[in-house]
Amino acid sequence: MTVWYLARVTGMVALIAFTLSTALGAFSSAVLGGGSPPQLDRRFLLQMAHRSAAVTGLVMLLAHTALIVVDSFVDVSVSDALVPFTAGYRPVAVGLGSLAVYATISVAVSGALRGRLASSERAVHRWRAVHLLAYAGWGMSMAHGVLAGTDTGQPWSTAIYVVCGIAVAIAVSIRIRSQLLHASRGLGTARARIPAPEALS
Amino acid sequence: MTILSEPPLAAVHIYGEPRLLAGVTEAGPVDLRRHRELHGELPLRRRSWLSAALTDVNLRGRGGADFPVAVKFDAMPSGSRVSILVNGSEGEPASRKDRVLMSRAPHLVLDGAVVVAHSLGTRRITIVVHDSAAHDTLVHALRERRDPCKITITHAQHGFVGGEIRAVINGVNGASPVPGGRRVLPVSRGVAGQPTFASNVETFAHIALLAARGTAGFARVGSTEEPGTTLVTLFGDVRHPGVAEVPTGVPLSAFFDASGDGTVLIGGYHGTWVDSTDGLVLTRARLKSSGAPFNAGVIARPFGGTCVVDEIVEVSRWLAGESIGQCGPCLFGLPAIADDLAHVAAHGGAEALQTLSRHLDVVSGRGACAHPDGSVQFVRSALNAYDHHIREHALSGACGRTPSTVLPLPRRIR
Amino acid sequence: MSKLEIDWTRCDAHGLCARLLPEKITLDEWGFPLIEGRGLDESIIRDARRAALACPALALRVAR
């Protein structure tokens, strides 16, 4: 039973870690306030925290996946895990989990390669498109947890899901608001901070 | 996007033997029949021949960047995917030479494009034109011909920066007509992502002349380092305002009468004010080494006794407005420079001059294209050439002289 | 020698680069980076890479 217990724990912890990472990712790319040194330092720290949470989540996620396959309480083989929706046990729920893993790995790889992509002009757009899968991955892992988790219905489990949901919702709404206010054209941040030059035409 | 009102076609003058403008009359463009009488049959040449000829005559690009055409040509691969781009967008607002060339001698431009295409083994030619009259003339001229090429004529509206070659190519490819953040040369990746030989309309016309006459024939006229003729647009206190075809190597004083102020603007609105044209000779290399590059070939000379300061302020405002707005130093810096200059002109004192100087230093060297640098050059050289006069404005206010009106600016209709 | 390059069409004056690499980068009055000198010393390349990675717009690059 220990393995099964660990499988559930690692799953929950992975979800919490990825929630943190997703929320921090959304939040730190929102344009907030000016560029004073303390604000810049905070922004840099948020970037670091975002990555640390993501790495933690990845470790937990791999452990969770391995433990689920190894464990005998539920019937999920390696191929069941790899190919979505083919498991004998709650296929939809487990399938969502598999998809979430794939999305998350893509997001993680894009994150790791971010620096290298600075060299190509078009790569930046593609990079963002891939990295934005984070939201899909997070959403699917929430759904997977609710549907596949045997603790669903327990008050503590519900509390975790609700808090995670609210955290990401708040972060995303801040991000969207910032986008609408500032970044509709190029140089959104700069324009927001500096009074517009006199209209010349 | 700026919609520009189109100025009437300029007067045309020829110094010496007409070549580009051979056969040009008041009546209208040189038609195909007359063109063939003057220049002969389509002078198709092999790649190796053209490469050697371009090198021998040291043909320089006529679009403003003054790039050696042979180098550009040799960097191109051959093949049917390769593209030829003829840039007739004439982004420099004071320049008229390209639209005049296209409107009066369209077949020379078309010959040049076909010759290059043929030598590179391709049939793909795109011509980008801004001016309506030039566009219509080219379209009409194309109908007279039967070239084994696929020639697309695009009528595009761009501002100054939009005429920049990478911006033109992006526009042709369907993307935003702005220069990109990384400097990718058209020979590497241009129209449809393929290697593209992109040059100014006048350059193609010279290539046609070269192919038809051969190296010796082409080099009979003009200076020895840069043989041939060149087109120049002249404004203000000059002998023949308008567009002129001139053999290279002539002293600039040939354009002026002896009288009046020595100060002249060379190279248009990314160009250089010089306080004397003594010793200046019309080859691109010599002008560049004298610190006043020819760029797109605009020369303006204010009338003696007039005050250019207000005009210069207007042009600097216009330049600021032409910023595409992709790059911070340009978007914020150029309006600041224009404001500073206006302030200086209106009794702003020594601090106004210092602020202007500081901003000029901060803006130059930054940005994704040549627009901020060129604009800084225009203003800075004015400060040098008109040092006394501008100081007078700064310290005592308006000078009371008649304002000059020689610098043309497009009027925005929109 | 490596050097710092800026993609001006991406730079949006966030200012993190100047904060993380003050020896080479200062900000102009509009918040955009001014790079000091041409090359990058070996000693600060790590910091330079960190600054490049921190740029929210991926506008800074450490080039060979």
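Residues numbered from 1 in each chain as written. Chains lettered and ligands numbered in written order. Predicted model: local features only at pLDDT ≥ 70, side-chain atom pairs only at ≥ 80, totals over all residues.

**Q** When you look at the nonpolar core in this model, what are you seeing that I'm missing?
**A** Where a protein is soluble and globular, its nonpolar side chains tend to be buried together. Formed by 146 residues in total, the largest nonpolar core has its most connected members in V109, A113 and A205 of chain B together with A51 and C55 of chain C. Each residue touching A205 of chain B, except ones within four places of it in the same chain, is listed here: L20, L101, A105, L108, V109 and G112 of chain B. Listed in part, the 26 residues of the second largest apolar core include L20, A23, V101 and C164 of chain A. (Core = buried A, V, L, I, M, F, W, Y, C linked by C-beta atoms within 7 Å. Buried ≥ 20, exposed ≤ 12 C-beta atoms within 10 Å, placed from the backbone. Contact = placed C-beta atoms within 7 Å.)

**Q** How should the sheet that holds strand 5 (residues 196-200) of chain B be read in this particular structure?
**A** Sheet strands pair by backbone hydrogen bonding; their relative direction is either parallel or antiparallel. All names here are of chain B. Pairing is parallel across the open sheet formed by 4 strands, whose spatial order is 4-3-2-5. The strands lining the two open edges of the sheet, one partner per strand, are strand 4 (150-155) and strand 5. With direction set aside, neighbouring strand axes in the sheet form an average angle of 15°. Of the strand pairs in this sheet, strand 3 (residues 124-129) and strand 4 are connected by 6 bridges, and their pairing is parallel. Directly across from I127, in strand 4, lies its bridge partner I153. Those strands touched by helix 5 (residues 106-119) are strand 2 (83-88), strand 3 and strand 5, and its axis lies near 155° from that of strand 2. Each of strand 2, strand 3 and strand 4 touches helix 6 (residues 132-144); the most contacted strand, strand 4, lies at about 160° to it. (Pairing = 2+ DSSP bridges. Helix = DSSP H or I, 4+ residues; strand = E, 2+ residues; numbered from the N terminus. Axes fitted to C-alpha atoms, helices over the stretch in contact; angles between N-to-C directions.)

**Q** Which parts of the structure should I look at to understand the confidence of the model for chain A?
**A** As a general rule, the predicted coordinates of low-pLDDT regions are not to be interpreted in detail. Per-residue confidence for chain A averages 85 on the pLDDT scale, and 90% of its residues sit at or above 70. Mean pLDDT values for the elements of chain A range from 75 in helix 8 (residues 188-193) of chain A up to 93 in helix 6 (residues 133-148) of chain A. (pLDDT = per-residue confidence, 0-100.)

**Q** How should the interface of chain C and chain B be read in this particular structure?
**A** Note on interface size: it is often stated as the accessible area lost on association of the parts. Contact with chain C, which involves 9 residues of that partner, is made by 12 residues of chain B. Of the residues assigned to the side of chain C that touches chain B, the class counts are 5 nonpolar, 1 polar and 3 charged. (Nonpolar A, V, L, I, M, F, W, Y, C, P; charged D, E, K, R; others polar.)

**Q** Looking at this model, I keep getting lost on the sheet that holds strand 1 (residues 12-14) of chain B. Mind explaining?
**A** All names here are of chain B. Pairing is mixed across the open sheet formed by 6 strands, whose spatial order is 1-7-6-10-8-9. Every interior strand has two partners, whereas the edge strands, strand 1 and strand 9 (272-274), have only one. Direction aside, the axes of adjacent strands within the sheet are offset by 25° on average. When strand 6 (residues 229-236) meets strand 10 (residues 298-301), the two strands line up parallel, connected through 4 bridges. Each bridged residue has a counterpart across the sheet, and for F235 the counterpart in strand 10 is A300.

**Q** Got a minute to help me understand the packing of helix 2 (residues 37-70) of chain A against helix 4 (residues 91-113) of chain A in this structure?
**A** Helix-helix packing: each pair is described by the crossing angle between the helix axes and the interaxial distance. Residues and elements named next belong to chain A. Where helix 2 contacts helix 4, the two axes come as close as 11 Å, and the packing angle between them is 145°. Crossing hand, helix 2 versus helix 4: left-handed. On helix 4, the residues touching A54, L58, L61 and T65 of helix 2 are V101, T104, A108 and G111. Residues that form the contact of helix 2 with helix 4 fall into these classes: 5 nonpolar, 3 polar and no charged. (Left-handed = near helix turned anticlockwise from the far one by under 90°.)

**Q** Honestly, the interface of chain A and chain C in this entry has me stumped. Any pointers?
**A** The partner chain C presents 16 residues to the 19 residues of chain A that form the contact. For the side of chain A that touches chain C, the elements supplying multiple residues, two or more each, are helix 2 and helix 8 of chain A. Sort the elements by how many residues they give to the side of chain A that touches chain C and helix 2 of chain A lands first, with 6 residues. A breakdown of the residues in the side of chain A that touches chain C according to their chemical character gives 8 nonpolar, 7 polar and 4 charged.

**Q** Before we go on, may I ask you to explain the confidence of the model for chain C in this structure?
**A** In the predicted model, chain C carries a mean pLDDT of 90, and the fraction of residues at 70 or more is 100%. For chain C, strand 4 (residues 60-63) of chain C is the element with the lowest average pLDDT, namely 88, and strand 3 (residues 33-35) of chain C is the one with the highest, namely 95.

**Q** Is there a simple way to think about the pairing of strand 1 (residues 3-6) of chain C in this case?
**A** Regular strands place side chains that alternate from one sheet face to the opposite one. All names here are of chain C. Side chains L4 and I6 of strand 1 all project onto a buried face; the interleaved residues K3 and E5 project onto a face where none is buried. Bridging between strand 1 and strand 4 involves 4 bridges; their strand directions are antiparallel. Of the residues in strand 4, the one forming a bridge with E5 is R61.

**Q** Explain the environment of E202 of chain B here, please?
**A** Mapping E202 of chain B onto the fold places it in helix 8 (residues 201-218). Taking the number of C-beta atoms within 10 Å as the measure of exposure, E202 of chain B has 29 and is therefore buried.

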